Amino acid sequence: MSKMMFDYTKSILERVSFDPILFCKEVEKAIKTLLPYEMEQLQEWLLSFVIEKPELKQSLLLIKA
C-alpha cells in the first residue's frame, strides 16, 4: 500500500511541476502523508528531479525542514 502512495505522490509532483507554488503545496501534502522511510525516498527523488527544473529548488527547503 505504501509503495503505491509513494508512486502516486511522485506522479502528482511530476504533473504539477509546471508551477513552483503548486509543486511546493504538493510537497507539503506529501510530507504529511508519507511514512518516514518514504520521506527519505522522496528526498532522493526530489534531488534528482529538480536538477532539470531549477525553478523547483525551493521545494527542497520544505523537505529538509
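Residues numbered from 1 in each chain as written. Predicted model: local features only at pLDDT ≥ 70, side-chain atom pairs only at ≥ 80, totals over all residues. Heavy atoms only, no water.

1. Some details on the packing of helix 2 (residues 20–33) against helix 3 (residues 36–49)
The contact between helix 2 and helix 3 brings their axes to 11 Å, and the two run at 160 degrees. By the angle between their axes, helix 2 is roughly antiparallel relative to helix 3. Seen from above, helix 2 lies across helix 3 with right-handed handedness. Every residue of helix 3 that contacts helix 2 at Phe23, Val27, Ala30 and Ile31 is listed here: Met39, Leu42, Leu46 and Phe49. (Axes fitted to C-alpha atoms, helices over the stretch in contact; angles between N-to-C directions. Helix = DSSP H or I, 4+ residues; strand = E, 2+ residues; numbered from the N terminus. Parallel < 35°, antiparallel > 145°, perpendicular 65-115°, else oblique. Left-handed = near helix turned anticlockwise from the far one by under 90°. Contact = heavy atoms within 4.5 Å.)

2. A short note on the pattern of salt bridges
Within the structure shown, the criterion is met by 2 salt bridges. Close ionic contact of lysine 3 with aspartate 7 constitutes a salt bridge, the shortest N to O distance being 3.6 Å. Here the residue lysine 3 and the residue aspartate 7 both occupy positions in helix 1 (residues 2–15), the gap between them amounting to 4 residues, near one helical turn. Overall, the relative accessible area of 53% leaves lysine 3 in the exposed class. The exposure class assigned to aspartate 7 is partly exposed, which follows from its relative accessible area of 33%. Here lysine 29 and glutamate 26 are joined by a salt bridge, their closest N and O atoms 3.2 Å apart. Of this pair, lysine 29 and glutamate 26 are both found in helix 2, 3 residues apart, which corresponds to roughly one turn of the helix. You can call lysine 29 partly exposed: its relative accessible area is 48%. What makes glutamate 26 buried here is its relative accessible area of 17%. (Salt bridge = Lys/Arg side-chain N within 4 Å of Asp/Glu carboxyl O. Buried < 20%, exposed > 50% of the residue type's maximum accessible area, 1.4 Å probe, protein only.)

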